[in-house]
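Residue strings, one per chain:
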Amino acid sequence: MPKSSDSKQTKSFFACDNLPSGVRTGTLALSDVKVSTPTFMPVATRGTAKGLTVEQVRSTGAKILLGNTYHLYLSPGPELVAKAGGLANFSHWQGPTLTDSGGFQVFSLANMRKITEEGVEFANPDNGDKIKLTPETAMQIQHDLGANIIMAFDDVVSLDPKHRHRTEEAVERTHRWLERCVAEHKKLSKGKANPPKLFGIAQGGLDKRLRQKSLEFIQSQPVDGVAIGGLSVGEARADMHEMLEFMAPLYDSQRPHYLMGVGHPTDMRFAIEHGIDMFDCVLPTRNGRHGTIWLEGDVQVNLKKATFASDLNRLDDSCDCYTCESGYSRAYLHHLIKVGESTGGTLLSIHNLRYLQRICESYQ
């Protein structure tokens, strides 16, 4: 079993049963909320899941909402969020939150950033102003945002072959940045009765040697959870699954395992059966806004198709989400999506989010 730097630190935060099948059933203790795992966390990049109220998100069974450090730093700013009592209060979510560190923007804003050992400089997409994120500022912003779980600042590399030469360099930098995150987090946590839980992020692309090296380093540090970054960024599904299968026996079983940015039902089922406890992804709401849903058996359909124009059956007889239980017909939802009414995207997003929660619940 992989060594844990301090397994005692997670016992009051996370408890789980490791089943022979590879599935883990557990509980995250976040403030006064108990979150059963595996669980899916809807993405609220700017403090809201796009097109949905927090009440609608909560109706899907979601327990943790995810915000993004980079975007919330740009607007409304961490000072205002802190003044409002943290992201949960500011957004009226009133439940556990997790904030990404902004490290993914190192990857996604490749044409607008410069990476140095100190951190990353971005150009504000709104006005061109320079923004600098470092491991220390990423911790400071996330503490101000008041998240229950915060993420270490990491260096994410594209899996495109022309960029893979940088993979090892990025892994080493991610490790050095984690040490700085741990130090800053420790300093900021002094005097706090319930400081946020810090997760380290293992990188390594599709290189198994680097993945193992990164996991071992992350798990040697005093972090509360282990995240897997740098997957679901354009690689073939078979490659992702091969890496998840490789890593499964390497995880510290005493800490939660979080697969970042994955939200397709097929990938979630595979990951859950290979030791993953937590997920997030924009896919369910993005698909919903564009008319695409999942039906029983992970069948993906697009309601824009003409075959649904006169289909008066409800969306999915097997689903207990608000959209399905309210009896909205496929024809009506087809109409809303076709004419560009945002209500259509909202109703389909609710269904998709509930679909992913039902997958998680089926393993609990």
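Residues numbered from 1 in each chain as written. Predicted model: local features only at pLDDT ≥ 70, side-chain atom pairs only at ≥ 80, totals over all residues. Heavy atoms only, no water.

Counting its secondary structure elements, the protein contains 15 helices and 16 strands. Taking 21 Å as the expected radius of gyration for a compact globule of 364 residues, we find that the protein reaches 20 Å, a close match to that expectation. Each principal axis of the C-alpha distribution contributes one length, and for the protein these read about 60 × 50 × 45 Å. Partitioning the contacts of the protein with sequence separation of at least 6, the portion at a separation of at least 24 is 65%. Total accessible area computed for the protein in this model is approximately 15400 Å², and 49% of it derives from carbon and sulfur atoms. Within the protein, one finds 41 positive and 42 negative side-chain charges whose respective centroids are separated by 2 Å. (Helix = DSSP H or I, 4+ residues; strand = E, 2+ residues; numbered from the N terminus. Rg over C-alpha atoms; globule rule 2.2 N^0.38 Å. Contact = heavy atoms within 4.5 Å. Areas by Shrake-Rupley, 256 points an atom, 1.4 Å probe, with all protein chains shown as cover. Lys, Arg positive; Asp, Glu negative; His and termini not counted. Charge placed at Lys NZ, Arg CZ, Asp CG, Glu CD.)

Close approach of charged atoms allows side chains with opposite charge to pair. For the structure on display, the rule yields 21 salt bridges. As a salt-bridge pair, Arg173 and Asp155 come within 3.0 Å of each other at their nearest N and O atoms. Remark: Asp155 occurs in the loop between strand 10 (149-151) and helix 8 (167-189) and Arg173 occurs in helix 8; sequence separation between them is 18 residues. The residues Arg173 and Asp155 share a single accessibility class, namely buried. Glu172 is the partner of Lys213 in a salt bridge, and the nearest nitrogen-oxygen pair spans 2.3 Å. (Salt bridge = Lys/Arg side-chain N within 4 Å of Asp/Glu carboxyl O. Buried < 20%, exposed > 50% of the residue type's maximum accessible area, 1.4 Å probe, protein only.)

Let us look at a positive patch on the surface. A cluster of basic side chains, namely Arg46, Lys50, Arg286 and Arg289, defines a positive patch on the protein surface. Its place among the elements puts Arg289 in helix 12 (residues 283-289). According to the relative accessible area criterion, Arg289 is partly exposed, its value standing at 33%. (Patch = residues over 30% accessible without salt bridge, like charges linked within 9 Å, V, L, I, M, F, W, Y side chains within 5 Å.)

This next bit is on the sheet that holds strand 13 (residues 257-259). Within a beta sheet, neighbouring strands are joined by backbone hydrogen bonds and run either parallel or antiparallel to one another. Spatial strand order, 4-14-13-12-11-10-6-5: eight strands in an open sheet with parallel pairing. Of all the strands in the sheet, just strand 4 (39-42) and strand 5 (65-68) have a single pairing partner and so form its edges. Put simply, the sheet's adjacent strands are angled 25° from each other on average, direction ignored. Bridge count for strand 13 against strand 14 (residues 278-281) is two bridges, and the pairing is parallel. (Pairing = 2+ DSSP bridges. Axes fitted to C-alpha atoms, helices over the stretch in contact; angles between N-to-C directions.)

Turning to the state of the cysteines, a few remarks are in order. Scanning all chains against the criterion turns up zero disulfides. Residue Cys319 stays outside any disulfide, its sulfur separated by 3.6 Å from that of Cys321, the closest cysteine. (Disulfide = S-S within 2.5 Å.)

Mapped onto the elements of the fold, Met268 is located in helix 11 (residues 265-272). A residue is classified by how much of its surface remains accessible, and Met268, at 0% relative accessible area, is buried. Sequence separation between Met268 and Pro38 is 230 residues; the distance between their C-alpha atoms is 9.7 Å.

Turning to its location among the elements, His290 is positioned in the loop between helix 12 and strand 15 (292-295). A relative accessible area of 45% means that His290 is categorised as partly exposed. Taking the C-alpha atoms as reference, His290 lies 8.1 Å from Asn302; in sequence the two are twelve residues apart. In this structure, His290 is in contact with Asn302, Lys304 and Ile337, ignoring residues within four places of it in sequence. Engagement of the side chain of His290 in a polar contact is seen with the backbone oxygen of Arg286, the distance being 2.9 Å. (Polar contact = N/O pair within 3.5 Å; in protein donor to acceptor, adjacent residues only side chain to side chain.)

Across the interface, helix 10 (residues 237-247) lies against helix 11 with an axial gap of 10 Å and an inter-helix angle of 15°. On the basis of the axis angle, helix 10 is roughly parallel to helix 11. Judged by the sense of rotation from one axis to the other, the crossing of helix 10 with helix 11 is right-handed. Taking contact as the criterion, the partners of Arg237, Met240, His241, Leu244 and Glu245 in helix 10 are, on helix 11, Thr266, Asp267, Phe270 and Ala271. Its residues assigned to classes, the contact of helix 10 with helix 11 comprises four nonpolar, two polar and three charged. (Parallel < 35°, antiparallel > 145°, perpendicular 65-115°, else oblique. Left-handed = near helix turned anticlockwise from the far one by under 90°. Nonpolar A, V, L, I, M, F, W, Y, C, P; charged D, E, K, R; others polar.)

Compared with the 18 Å implied by 1.5 Å per residue over 13 residues, the 18 Å span of helix 9 (residues 208-220) between its first and last C-alpha is a close match. Within helix 9, the full set of buried residues consists of Leu210, Arg211, Ser214, Leu215, Ile218 and Gln219. Along the long axis of helix 9, the arc covered by the buried residues comes to 155°, so they all point the same way. Packing partners of the buried residues in helix 9 comprise helix 8, strand 11 (197-202), strand 12 (225-228) and helix 10. Two or three places before Arg209, at the opening of helix 9, Asp207 has a side-chain oxygen 2.9 Å from that residue's backbone nitrogen. (Expected span 1.5 Å × (residues − 1). Arc of directions from axis to C-beta.)

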